[in-house]
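Reading the structure
Below are the chains, spelled out letter by letter.
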Amino acid sequence: AGRVSGTKRFSVKRPPIATLPADMEAPLIEGISQDVLHMKNRMLERVTEKVMNTSGEFKGEKVAESFQHLARSTGVPFYADEVMVRGKPQLKFSRLTGKNWRRLFNRLGPAIRTSSGLFPDDVRDQFAELYETLDATFNFAGKCSREDAEEVARRTREWTKLYLQLGFKMVPYVHIFHIHL
């Protein structure tokens with residue numbers, strides 16, 4: 001589909017994190033500004049896809065109707081459909097605006113925790129914790145000072161450990177969150 005106006009080879013769907021030239025005198029992580037909002041949304045998208053698929057498989061629902069209803073109960077217009085990706089059917093959900101991502105981000109963890117019958121009991125609370133602790137960590141990191149660096153590192157390490165224990169794969173945004181936030 002389209003291109004970012006005036007640039008070549010950058011898709012509109014997922015532009016690169018760093019599009020500014022790096023300051024060669026500073027460490028790379030300081031020389032290139034992080035796109036934290038984009039990182040947060042991509043991580044939430046990845047978590048939501050897995051949580052939705054787990055719920056659909058557990059309930060035996062092709063398009064995870066029960067999870068969609070739970071997500072919509074947070075006030076977000078959330079819809080999913082089965083689409084073909086590289087010749088295989090996959091469950092994909094509608095794109096959300098920033099306001100709806102924030103709403104989902106803040107409300108879905110508690111909604112999952114209080115739900116019953118949507119997830120296997122052994123992962124329901126862990127899925128809720130993924131949302132709640134990711135939100136809390138980003139909020140803390142956005143308001144803390146340099147003296148709180150160890151606490152930020154501890155929180156990102158704990159979240160990443162839970163993320164990997166639940167069967168997720170390490171991806172660049174999670175790496176940046178875990179190592180560089």
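Data block above holds the structure.
These notes cover the structure that comes with them. Because the structure is a prediction, the values reported are computed rather than measured.

A few words on the nonpolar core. Counting 42 residues, the largest nonpolar core has Met43, Phe67, Phe78, Ile112, Leu130 and Trp159 as the members making the most contacts within it. Contributing elements (two or more residues each) for this core: helix H2 (36-59), helix H3 (65-72), strand S2 (88-93), helix H4 (98-114), helix H5 (121-143), helix H6 (149-165) and helix H7 (172-180). When residues in this core are grouped by element, the largest group, seven residues, is from H5. Dropping the residues within four chain positions of it, leucine 130 is found in contact with Val47, Trp159, Leu162, Tyr163, Leu166 and Phe168.

For the α-helix, the turn length of 3.6 residues means that residues three or four positions removed from each other point alike. The first and last C-alpha atoms of H4 sit 25 Å apart over 17 residues, in line with the 24 Å expected at 1.5 Å per residue. Asn100, Trp101, Leu104, Phe105, Leu108, Gly109, Ala111 and Ile112 are the residues of H4 that are buried.

Time to look at the packing of H6 against H7. The contact between H6 and H7 brings their axes to 8 Å, and the two run at 145 degrees. Crossing of H6 against H7: the hand is left-handed. Residues Thr156, Arg157, Trp159, Thr160 and Tyr163 of H6 form the contact with H7, whose own contacting residues are Val174, Phe177 and His178. Of the residues that constitute the contact of H6 with H7, the class distribution is four nonpolar, three polar and one charged.

This part covers the pairing of S2. Sheet analysis places strand S1 (residues 80-85) next to S2, joined by six bridges and oriented antiparallel. Within S2, the position partnered with valine 83 by the bridge is glutamine 90. Hairpin connection, S1 to S2: the antiparallel pair is bridged by two residues, and arginine 86 has positive phi, about 55 degrees.

Right, let's get into the packing of H3 against H4. At a minimum axis distance of 9 Å, the contact between H3 and H4 shows a crossing angle of 125 degrees. Classed by the angle they form, the pair H3 and H4 counts as oblique. In the crossing of H3 with H4, the sense of the turn from one axis to the other is right-handed. On H4, the residues touching Phe67, Leu70 and Ala71 of H3 are Leu104, Leu108, Ala111 and Ile112. For the contact of H3 with H4, the per-class residue count stands at seven nonpolar, no polar and no charged.

Calculation rules
- Residues numbered from 1 in each chain as written.
- Predicted model: local features only at pLDDT ≥ 70, side-chain atom pairs only at ≥ 80, totals over all residues.
- Heavy atoms only, no water.
- Core = buried A, V, L, I, M, F, W, Y, C linked by side-chain atoms within 4.5 Å.
- Buried < 20%, exposed > 50% of the residue type's maximum accessible area, 1.4 Å probe, protein only.
- Helix = DSSP H or I, 4+ residues; strand = E, 2+ residues; numbered from the N terminus.
- Contact = heavy atoms within 4.5 Å.
- Expected span 1.5 Å × (residues − 1).
- Axes fitted to C-alpha atoms, helices over the stretch in contact; angles between N-to-C directions.
- Left-handed = near helix turned anticlockwise from the far one by under 90°.
- Nonpolar A, V, L, I, M, F, W, Y, C, P; charged D, E, K, R; others polar.
- Pairing = 2+ DSSP bridges.
- Parallel < 35°, antiparallel > 145°, perpendicular 65-115°, else oblique.

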